[in-house]
Amino acid sequence: MSDLLGRPDTLSPLAMLPPHRIRLLLLLVLGAGLLGGCASSRSAQDEVAARAAAVGTWSYEVEDVAPLDQGRFRITIQDGDLRGVVRDQRLGRLRASVRVRDSRLEIDLRDLRISGYIEDGRFTGVLRRSQWEVTTRRQSRTRSQFRSASLFARRVRSATAVDKPGVLECRSLLREAGDCD
């Protein structure tokens, strides 16, 4: 049989399926869409949790001979980005860029990178020198033999202890006591 334009009738593959199979196929497609949406929101929740685990003040110590010795690093969120400041006994105050993914934390300072994992308020990582070479004609620049060292840190203060709650977040008893200004 042909349609009004003289083309032969062809059935689509879906039209040949029984109705119960079409419903099942539709449910599978909708279910996959819902699972994908839930997975992306879970990913956002994981990212927020990972950032919360990293934010705060940490006291660290480096084993072996390394450019960093011991001190504190503070990680904050400014304009939605993680920022860090390292105060080292030997090198003084250094600004750092900070990245976190799941429980992995990376802190970059000048030509050093600290990378490792946060677990139960403790950070265990490795301090490494970024690789670079300098070649000049008459001078040769020597670098220390340092390549990597272990770094251990523990959280000294979390962000919730640093930041006072807003007035709306205070319970009435705290507001009356004046601890919520």
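This one's a predicted model, so the numbers in the text were calculated from it and none came from an experiment.

**Description of the packing of aromatic side chains**
Step number 1: What the rule picks out here adds up to three aromatic pairs.
Step number 2: Judged by centre distance (6.1 Å) and plane angle (15 degrees), the rings of W58 and F73 are stacked. Residue W58 is found in strand β1 (residues 56–62), and its partner F73 is found in strand β2 (residues 70–78); the two are separated by 15 residues along the sequence. Of the two residues, W58 and F73, neither departs from the other in class, the shared state being buried.

**Here's the deal with the nonpolar core**
Step number 1: Core analysis: the largest hydrophobic core is formed by 27 residues, its most contacted members being L68, F73, I75, L105, I107, L109 and F123.
Step number 2: Of the residues forming this core, the biggest block, four residues, is contributed by strand β4 (residues 92–101).
Step number 3: If we skip the residues at most four places from it in the chain, L68 touches Y60, V62, D88, R90, L91, L94, L109, L112, I114 and L127.

**Here we look at the confidence of the model for the chain**
Predicted coordinates in areas of low pLDDT are best not read in detail.
Step number 1: Per-residue pLDDT for the chain averages 75, and the proportion of residues at 70 or more is 64%.
Step number 2: For the stretch residues 161–176, pLDDT sits under 50, and the model shows 13 contacts to residues farther than four places along the chain or on other chains.

**Section: unusual backbone geometry**
Step number 1: At D79, a position not held by glycine, the phi torsion is positive, near 55 degrees.
Step number 2: Mapped onto the secondary structure, D79 falls in the loop between β2 and β3 (81–88).
Step number 3: Exposure remark for D79: the relative accessible area of 78% places this residue in the exposed category.
Step number 4: Even without being glycine, D102 reaches a positive phi, approximately 55 degrees.
Step number 5: Relative to the elements of secondary structure, D102 occurs in the loop between β4 and β5 (104–109).
Step number 6: Here D102 falls in the exposed class, since its relative accessible area comes to 54%.

Rules used throughout
- Residues numbered from 1 in each chain as written.
- Predicted model: local features only at pLDDT ≥ 70, side-chain atom pairs only at ≥ 80, totals over all residues.
- Heavy atoms only, no water.
- Phe/Tyr/Trp six-rings, centres within 6.5 Å; stacked < 30°, edge-to-face > 60°.
- Helix = DSSP H or I, 4+ residues; strand = E, 2+ residues; numbered from the N terminus.
- Buried < 20%, exposed > 50% of the residue type's maximum accessible area, 1.4 Å probe, protein only.
- Core = buried A, V, L, I, M, F, W, Y, C linked by side-chain atoms within 4.5 Å.
- Contact = heavy atoms within 4.5 Å.
- pLDDT = per-residue confidence, 0-100.

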